[in-house]
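Chains, contacts and geometry: an overview
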Amino acid sequence: MAVSKDCADRRTAIERLVAEIRSLATTTDGSEDQLAALTAAHADPESIASVQERLSAERERLAELIAAGEAAVEEFRSECVGHPLPPGAAELLTAGSSGDGREAGAEGTPPGRPRP
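Residues numbered from 1 in each chain as written. Predicted model: local features only at pLDDT ≥ 70, side-chain atom pairs only at ≥ 80, totals over all residues. Heavy atoms only, no water.

**Focus on the confidence of the model for the protein chain**
Looking at the protein chain as a whole, the pLDDT averages 83, with 77% of positions reaching at least 70. Across residues 97–116 the pLDDT falls below 50, and counting only partners more than four positions away or on other chains, this stretch makes 51 contacts in the model. (pLDDT = per-residue confidence, 0-100. Contact = heavy atoms within 4.5 Å.)

Structural data, given as structure tokens:
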């Protein structure tokens, strides 16, 4: 019984990570759009730098979340054999690299996850 409770807890944690990754990816997409608009409009350098800094922090956090998600999924698979992966968990296994050379979080969307 303890294994089932532990697996349920792990499943819930993965579901939270997936939701947080998707939310932050959407936020990052918005920041990229804002940066593109500012750059196209030749906005003042301070505004552009501010958005670039925020975008960099968002991408860094997204990469951290993806790494944590990948580790959680691998742990779930090894500890909860026979239990189905939570929705979105399989995407975390391919999120670190899409095979096309992009880093996790590049362009705001974790590789392996379609844009919303």
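**Here we look at the state of the cysteines**
Inspection of every chain in the model, using the stated rule, returns one disulfide. Note that Cys7 is cross-linked by a disulfide to Cys80, the S-S spacing being 2.1 Å. A torsion of -105 degrees about the S-S bond marks the disulfide between Cys7 and Cys80 as left-handed. Taken together, the residues Cys7 in helix H1 (residues 2–40) and Cys80 in the loop between helix H2 (45–79) and helix H3 (89–95) connect sequence positions 73 residues apart. By the burial criterion, Cys7 is buried, and Cys80 matches it. (Disulfide = S-S within 2.5 Å. Helix = DSSP H or I, 4+ residues; strand = E, 2+ residues; numbered from the N terminus. Buried < 20%, exposed > 50% of the residue type's maximum accessible area, 1.4 Å probe, protein only.)

**Some details on unusual backbone geometry**
One non-glycine residue, His42, lies in positive phi territory at about 55 degrees. Note that His42 resides in the loop between H1 and H2.

**Some thoughts on the nonpolar core**
Residues Ile14, Ile21, Leu62, Leu65, Val73, Phe76 and Leu92 are the most contacted members of the largest nonpolar core, which totals 15 residues. Going through the elements one at a time, H1, H2 and H3 are the ones with two or more residues in this core. Broken down by element, the residue count for this core peaks at seven residues, all from H1. Membership of the second largest hydrophobic core comes to six residues, among which are Leu35, Leu38, Ala43 and Leu55. (Core = buried A, V, L, I, M, F, W, Y, C linked by side-chain atoms within 4.5 Å.)

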